[in-house]
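The lines below spell out each chain.
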Amino acid sequence: MNFLPRCWSYSETSESRGGESSSSNSNTNGGFGKDGLLWFHDIGKYGSGEYSMAIVQANQVLEDQSQIESGPFGTFVGVYDGHGGPDTARYVCDHLFRHFQAASAEGNGVVTAETIQRAFLETERGFTSLVSENWNSRPQMATVGSCCLVGAIYQQTLFVANLGDSRVVLGKKVGNTGEIAAIQLSTEHNANIESIRWELKDLHPNDPQIVVLRHGVWRVKGIIQVSRSIGDVYLKHAKYCREPINGKFRVSEPINMPILLATPSILTHPLHPNDSFLIFASDGLWEHLSNEKAVQIVQSHPRKGSAKRLVKAALHEAAKKREMRYSDLRNIDKKVRRHFHDDITVIILFLNHDLIYRGVVQDPPLSIRSALEH
């Protein structure tokens, strides 16, 4: 299993690390595996239950990043779907949780929607500063961004914060029927959604080209589908929307206010005993699986390998759409694979309500994230 130092950064200790999350590479933890361009951890324990995690690569360089952090503060999950390159997603994975810790520490450890929003905005400021510092040597960093989906379990409450079109879906038991409902908890920001187009038009009433339909796809300024992100500073600050960045990213109208926003939509959900599990995933999964299908797959199989099972189900659907066999798709190399499916990240949290309601956090603390290089 010598691939693991390249694919995962993992730390599990029996002592509180206090403050910053520390990570160390490890290839000694059971449950990790690799299948071609698919990396997975079939089952593991976090503070309030068990988790399953899987990632499949399609781009030449993996643009998805993700993490699970769990300790005395509760549990933090992040899925960061980069676009234009991996830089922003990597930066978010390095900094967002640290800002979350700092903001909650200032509030005596209490997590609120404001805590999470501050962490997002501090991360945005930091990345914008990084773009400024590298403008002369790497101006293309101004055109790189990331969707950002976060879940935080604090005491008996789940907070969900989102920028872009990643998604979290709750699997909820329906009474005593044995059935399970799929409930989407995140708000998506994609110009293909009519309400998002109206939101953009309301924010930019004097710009008739704020959303443009091209080849059947709605895009902000005819360039990008998502309306909120970390990064993409070329659509937020006029000084970065100019040469030497590529002409396809430059807009002709002056940027008097940010076209894209970095303010997340935040939902607060009191956890209920019928809340069974949470599926956090980048849009690469939801492009091929409905909320209901994903929940049904998780519910009807053993927990172990759940995330990997969802990724493979999505890949089977991607192959079917192109009239291919899954085995043929598996043999296609990264970069070329992007023509068939996107990078896909899935994290499933199974909820142990006995632990949640007793206020007990399982030891040891957990810090696990997808690695920077794949």
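- Under an unreviewed UniProt entry, the chain has the name protein-serine/threonine phosphatase and belongs to Nicotiana tabacum.
- In its Sequence similarities (unreviewed entry) section, UniProt records this for the chain: "Belongs to the PP2C family."

### Thoughts on the side chain of Ser70
Inference 1: Relative to the helices and strands, Ser70 resides in strand S5 (residues 64–71).
Inference 2: Here Ser70 falls in the buried class, since its relative accessible area comes to 3%.
Inference 3: Polar contacts involving the side chain of Ser70 include one to the main-chain amide nitrogen of Gly47, which spans 2.7 Å.
Inference 4: At 3.1 Å, the side chain of Ser70 forms a polar contact with the side chain of Thr75.
Inference 5: The residues touching Ser70, leaving out its near neighbours within four places in the chain, are Tyr46, Gly47, Thr75, Pro365 and Leu366.

### A word on the sheet that holds strand S9 (residues 167–173)
The pairing of strands in a sheet happens through backbone hydrogen bonds and is either parallel or antiparallel.
Inference 1: Pairing in this open sheet of seven strands is antiparallel, and the strands run S2-S3-S4-S16-S15-S9-S10 from one edge to the other. Single-partner strands in this sheet number two, and they are strand S2 (32–35) and strand S10 (180–184). Sheet twist, expressed as the average angle between the axes of neighbouring strands with direction ignored, equals 15 degrees.
Inference 2: Summarising the sheet, S9 and strand S15 (residues 275–281) pair through six bridges and their orientation is antiparallel. Residue pairing for S15: Gly171 is matched across the bridge by Phe277.

### Things to note about helix H6 (residues 291–299)
Inference 1: Turning to H6, its buried residues number three or more, namely Asn291, Ala294, Val295, Ile297 and Val298. Along the axis of H6, the buried positions cluster into a sector of 160 degrees, meaning they face one direction only.

### Section: the environment of Asn136
Inference 1: Position of Asn136 relative to the elements: it lies in the loop between helix H3 (113–133) and strand S7 (145–154).
Inference 2: Once the C-alpha coordinates of Asn136 and Asp207 are considered, the two residues, 71 residues apart in sequence, prove to be 31 Å apart.

### Remarks on the UniProt feature "domain: PPM-type phosphatase" (unreviewed entry) in the chain
Inference 1: Within the UniProt annotation, "domain: PPM-type phosphatase" (unreviewed entry) is assigned to residues 47–351.
Inference 2: In residues 47–351, helix accounts for 28% and strand for 28%; the two terminal C-alpha atoms are 10 Å from one another.

### Quick look at the environment of Ala113
Inference 1: Mapped onto the elements, Ala113 comes out in helix H3.
Inference 2: The partly exposed category is assigned to Ala113, whose relative accessible area is 21%.
Inference 3: Separated by 151 residues in the primary sequence, Ala113 and Pro264 have C-alpha atoms spaced 9.9 Å apart.
Inference 4: In contact with Ala113, not counting residues within four places along its chain, are Phe159 and Ile266.

Cut-offs applied
- Residue positions are given per chain, counting from 1 as you read along its sequence in written order.
- Owing to the predicted nature of the model, reporting of local features is limited to residues with pLDDT of at least 70; listing and counting of side-chain atom pairs is limited to 80 or more, with chain, interface and lining totals taken over all residues.
- Note that the side-chain values use all heavy atoms of the structure and ignore hydrogens as well as water.
- UniProt positions are given in the numbering used here, feature names are shortened, and annotations may be inferred rather than shown by experiment.
- Here a helix means four or more residues in a row that DSSP labels H or I, a strand means two or more in a row labelled E, and each is numbered from the N terminus.
- Accessible area is worked out with a 1.4 Å probe on protein chains only. A residue is then buried under 20% of its type maximum, exposed over 50%, and partly exposed in between.
- Here a polar contact is taken to be a pair of N or O atoms separated by no more than 3.5 Å, where protein atoms must pair a possible hydrogen donor with a possible acceptor and residues adjacent in sequence count only if both atoms sit in side chains.
- By the convention used here, residues are in contact when the closest approach between their heavy atoms is within 4.5 Å.
- Two strands make a pair as long as DSSP finds a minimum of two bridges between them.
- Helix axes use the C-alpha atoms of the stretch in contact, all axes being lines fitted to C-alpha atoms, and the angles between their N-to-C directions lie in the range 0 to 180 degrees.
- The arc in question is formed by the directions pointing from the helix axis toward the C-beta atoms.

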